[in-house]
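Listed here are the chains, written in short residue letters.
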Amino acid sequence: MRTNLADLPAGKTAVVVGLHGGYGAMRKLDAMGVRPGKKALKLSSQFMGGPVTVLIDGRQVAMGRGIARRVLVDTTD
Amino acid sequence: MPRSNSPEGEAKGAVFRVLLMGNPNVGKSAVFSRLTGAHVIASNYPGTTVSFSEGLMELDGQQCTLIDVPGTYTLEPLSPAEQVAVDMLEEGDVVVNVVDATNLERNLNLTVQLLKRKVPMVVALNMWDETLEHGINIAVEGLQERLGVPVVPTCAISGEGMKDLQQSLKRARPGVLTYEEDERWHLIGDIIEQVQQVDHRHPTIGQRLSHATVHPVIGPLLALVMLTVSFGVVRFVGEGLIGHVAEPLCNWLWLPVMQGLSDLLGSSGFIHDLLVGQLVDGQVSFGESFGVLTTGLYIPVAAVLPYVFAFYLVVGVLEDSGYLPRLGVLVDNVMHRLGLHGLSIVPMMLGLGCNVPGALALRVLETRKERFIGATLLAICVPCMAQLAMIAGLLREHVVEGFLAVFGTLFLLWICLGVAMNRFTRGATPEIVLDIPPYRLPYWRALLQKLSMRMKRFLREAVPYVLLGVLVVNLLYTFGVIGFFGKLFTPVITRLLGLPPEAVGALLVGFLRKDVAVGMLAPLGLSLRQLVVASVVLTAYFPCAATFVILFRDLGLRDMVKSSIIRVVVAFSVGGLLNFMMTGLGL
Ligand SMILES: Nc1nc2c(ncn2[C@@H]2O[C@H](COP(=O)(O)OP(=O)(O)OP(=O)(O)O)[C@@H](O)[C@H]2O)c(=O)[nH]1
């Protein structure tokens, strides 16, 4: 199912399919391993629109909720 | 072995320049310290190196310059620090590309971009020690062959592989790799597949803890525990050192000397008062005499240094363990309401040690709005350890209530002011994109080295200012300046703040040094209410001179004037409010 990293429930794994945000933030995500084809495990999102943390390649990457919303993913199960 | 058909990367110019480049937080600063013997601060969070540092290194009996370039993820600069990195690429003869071996794929992204630029380079596979723990196997020879440049496994914190790295510089050569831009990740994936093998491991305790610390419910609870423990340790260690080491030593060793000097100088007179100070009941008192050699030395060395030591010990552990970026994630939400983002908590925490490094750390903030808000909040709401140590000394009987009142007020102020400035300052606060490093057990030698560096820096910078401060106090008294200003500002000092007129002296000296200023309150016999009000006002009305200079340089005239107006208005209105509220409560 197509969703994004902000809406993906914590504890679920999904495959990144696209980055659709501003150039800077997306380049940075890309360099940190958040890019199409990568499997991401959503670890948590903080309350009240706080940042989202995912595990990619065994490393944690945190991003603001707005940015997470622009990372499209497909759930695997 | 490196390919024999590629050209030798030999030194051509007079001064050979070696650049250390790599992603943020891969250990460049640690490699730099190892290769130069110079000590720079390495911490386990991205962005320790904002501006670059230079050092000298020996290479085959020849001196060459080693440059620690700010960390960058790509050669397309995304931030000012990364722009610095890319600009510097032009000036180097050889690049040492420091790579985090536990995170090879992501790191190779920069490596292949460097190779494409055809700069002579070698690759340091740092964090080699951790690859074993993670079950990562890297075929060094294979990688070397694919990249076409020397590849050396290193562990910068223990020093393993550093000799080899230095030797390999002679074999540095430009890369032979070429690729189309849209093929980059494909190429990297291909290399990874060929040279790296990862055994599946169950999550280690560190990884589990790592997930728990960013959990929306457990995380904040753990943070609360962490901060309480940190606070407790700082207090326990600081107070313990003062009570059991610093004070006894001063009383046994230094007091007799000063008493003798006092007798020698005839117990009074200008020189006596300057050096030894006023006698209290015929005795030298380190806390109250205010001589350059008594109080002037006692404050930095005996009253403040133990707390500074305790603080940096705790901060060092927090930094090296990797906890701070996680704390940054947890508080990001709140910080955005103040117009800052989560990682700005780091400058604020460092500021609690000393505002100067706090102010320097503010430079990582990206926009003008963030820097303005950050600087204003730091200057107003963050007391430094020197000041806190002195306040703790004054509050001896009411430490808990007193500190709750002082910190509670400053914290509330920090939130309210931040929210207000966020609303009224134009500009944006970008969202975070943050790589969270794994937890690491702090390496005690690196920890101690960093600690001793920070203590030395404190002594070097604080002692002269404190001595100057004490000198100024004496001059102020001698020339009746304090009496004059005391009268002039009576309405503010006594009516608004409820302090004795002499307290104006503390406000005057507070421009220079906060610890000396608080020390001046000691002989005044203030009540708890007065101590709390004085502590808050002293924190808020002005940062110390050293911090002011840095903030002024970074913010520019206009923003600094704005920030200063806010500061003065806030300091005195909050001081007055506190006074009236606490009086109303019958304190
Ligand atoms: N286990 C292990 N830890 C290391 C090694 N090298 C560095 N570290 C630790 O990794 C963290 C990051 O090191 P730094 O030297 O600050 O990294 P940096 O690349 O200079 O970081 P920035 O200045 O932020 O770009 C520190 O906590 C170091 O103690 C190593 O070889 N092995």
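Residues numbered from 1 in each chain as written. Chains lettered and ligands numbered in written order. Predicted model: local features only at pLDDT ≥ 70, side-chain atom pairs only at ≥ 80, totals over all residues. Heavy atoms only, no water.

1. Here we look at the overall build of chain B
So, point 1. Helix and strand counts for chain B stand at 24 helices and nine strands.
So, point 2. What you see for chain B is a C-alpha radius of gyration of 27 Å, in line with the 25 Å of a compact globule of 587 residues.
So, point 3. With the C-alpha coordinates of chain B rotated into their principal frame, the extents come out at 85 × 55 × 45 Å.
So, point 4. Within chain B, buried positions represent 55% of all 587 residues.
So, point 5. About 25,400 Å² of surface is accessible on chain B, with carbon and sulfur atoms providing 64% of the total. (Helix = DSSP H or I, 4+ residues; strand = E, 2+ residues; numbered from the N terminus. Rg over C-alpha atoms; globule rule 2.2 N^0.38 Å. Buried < 20%, exposed > 50% of the residue type's maximum accessible area, 1.4 Å probe, protein only. Areas by Shrake-Rupley, 256 points an atom, 1.4 Å probe, with all protein chains shown as cover.)

2. Topic: the domain arrangement of chain B
So, point 1. Segmentation of chain B into domains returns domain 1 (7-201) and domain 2 (218-268 + 291-584).
So, point 2. Here the C-alpha centre of domain 2 of chain B lies 39 Å away from the C-alpha centre of domain 1 of chain B. (Domains from an automatic or database assignment.)

3. Some thoughts on the interface of chain B and chain A
Accessible area lost upon the coming together of the parts is a frequently used measure of interface size.
So, point 1. Taken residue by residue, the interface counts 32 residues in chain B and 32 residues in chain A.
So, point 2. Of the roughly 2,800 Å² buried at the junction of chain B and chain A (both faces included), carbon and sulfur atoms supply 52%.
So, point 3. The largest per-residue losses of area from chain B upon contact with chain A belong to Leu78(B), Glu431(B) and Val433(B), which jointly make up 22% of the total buried on that side.
So, point 4. Along the contact surface separating chain B from chain A lie five salt bridges.
So, point 5. The partner of Asp100(B) in a salt bridge is Arg59(A), with the nearest N and O atoms 3.5 Å apart.
So, point 6. Remark: the boundary between chain B and chain A carries 20 residue pairs in polar contact (both at pLDDT 80 or more).
So, point 7. Broken down by secondary-structure element, the contributors of at least two residues to the side of chain B that touches chain A are helix H3 (104-116), helix H7 (184-195), helix H8 (205-213), helix H12 (323-337) and strand E9 (433-436) of chain B. (Contact = heavy atoms within 4.5 Å. Buried area = accessible area lost by both parts, 1.4 Å probe. Salt bridge = Lys/Arg side-chain N within 4 Å of Asp/Glu carboxyl O. Polar contact = N/O pair within 3.5 Å; in protein donor to acceptor, adjacent residues only side chain to side chain.)

4. Regarding the sheet that holds strand E6 (residues 71-75) of chain A
So, point 1. Taken together, seven strands build an open sheet; the order of strands is E1(A)-E6(A)-E2(A)-E3(A)-E4(A)-E5(A)-E9(B) and the sheet is antiparallel. Only two strands of the sheet have a single neighbouring strand rather than two, namely strand E1 (2-4) of chain A together with E9 of chain B. Across the sheet, the mean angle from the axis of one strand to that of its neighbour is 40°, orientation sign disregarded.
So, point 2. Pairing of strand E5 (residues 59-63) of chain A with E9(B), which is carried by four bridges, proceeds in the antiparallel orientation. From the neighbouring strand, Ala62(A) faces E9(B), where its bridge partner is Leu434(B).
So, point 3. Those strands touched by helix H1 (residues 23-31) of chain A are strand E2 (13-19), E5 and E6 of chain A together with E9 of chain B, and its axis lies near 15° from that of E9(B). (Pairing = 2+ DSSP bridges. Axes fitted to C-alpha atoms, helices over the stretch in contact; angles between N-to-C directions.)

5. Things to note about the layout of surface pockets
Rolled over the atoms, a probe as big as a water molecule pinpoints where empty space is left.
All names here are of chain B.
So, point 1. Each pocket or cavity is described by its volume, and for the second largest pocket that value is around 1,600 Å³.
So, point 2. In this structure, the second largest pocket is lined by 47 residues; those nearest its centre are Leu227, Phe231, Leu352, Phe407 and Phe411.
So, point 3. At the level of secondary structure, the elements contributing two or more residues to the lining of the second largest pocket comprise helix H9 (218-264), helix H11 (295-321), H12, helix H13 (345-353), helix H16 (385-394) and helix H17 (399-424).
So, point 4. Looking at the lining of the second largest pocket, the element that brings in the most residues is H9, giving eleven residues.
So, point 5. Partitioned by chemical class, the residues of the lining of the second largest pocket number 39 nonpolar, five polar and three charged. (1 Å grid on protein atoms, 1.4 Å probe; cavity = no way out; pocket = protein on both sides within 12 Å on 5 of 7 lines; lining within 4 Å. Points joined across faces, edges and corners; volume = space filled by probe spheres on them. Nonpolar A, V, L, I, M, F, W, Y, C, P; charged D, E, K, R; others polar.)

6. Quick look at the sheet that holds strand E5 (residues 121-126) of chain B
Residues and elements named next belong to chain B.
So, point 1. If you walk across this open sheet you meet the six strands as E2-E3-E1-E4-E5-E7, and the pairing is mixed. This sheet does not close on itself; its edge strands, each paired only once, are strand E2 (53-59) and strand E7 (151-153). Across the sheet, the mean angle from the axis of one strand to that of its neighbour is 25°, orientation sign disregarded.
So, point 2. Of the strand pairs in this sheet, E2 and strand E3 (residues 62-68) are connected by seven bridges, and their pairing is antiparallel. Across the sheet, residue Ser53 finds its bridge partner in E3, namely Asp68.
So, point 3. Against the sheet, H3 contacts strand E1 (16-22), strand E4 (94-100) and E5, and its axis sits at roughly 165° relative to E4.
So, point 4. The sheet contacts of helix H5 (residues 140-147) involve E5 and E7, and relative to E7 the element is tilted by about 150°.

7. Points about the pairing of E2(A)
All names here are of chain A.
So, point 1. Pairing between E2 and strand E3 (residues 39-45): three bridges, direction antiparallel. The residue of E3 that forms the bridge with Ala14 is Ala40.
So, point 2. As judged from the five bridges shared by E2 and E6, these two strands associate in the antiparallel manner. By the bridge assignment for E6, Val15 is matched with Asp74.

8. As for the pattern of salt bridges
For side chains bearing opposite charge, pairing can occur when the charged atoms are close.
So, point 1. Applying the stated criterion to the full structure yields 23 salt bridges over all chains.
So, point 2. As a salt-bridge pair, Glu90(B) and Arg117(B) come within 4.0 Å of each other at their nearest N and O atoms. Placement of the pair is Glu90(B) in the loop between helix H2 (80-89) and E4 and Arg117(B) in the loop between H3 and E5, with a sequence separation of 27 residues.
So, point 3. Relative accessible area serves as the criterion here: at 62%, Glu90(B) is assigned to the exposed category.
So, point 4. Taking relative accessible area as the criterion, Arg117(B) reaches 39% and is therefore assigned partly exposed.
So, point 5. If you follow the salt bridges from partner to partner, you end up with Arg35(A), Lys38(A), Asp57(A) and Glu105(B) in one network.

9. With respect to the environment of Glu319(B)
Residues and elements named next belong to chain B.
So, point 1. Considering the arrangement of structural elements, one finds Glu319 in helix H11.
So, point 2. By relative accessible area, Glu319 is classed as buried at 0%.
So, point 3. Taking C-alpha positions, Glu319 is 9.6 Å from Leu447, a pair spaced 128 residues apart along the chain.
So, point 4. Within the structure, the side chain of Glu319 is placed 2.7 Å from the side chain of Lys450, a separation counted as a polar contact.

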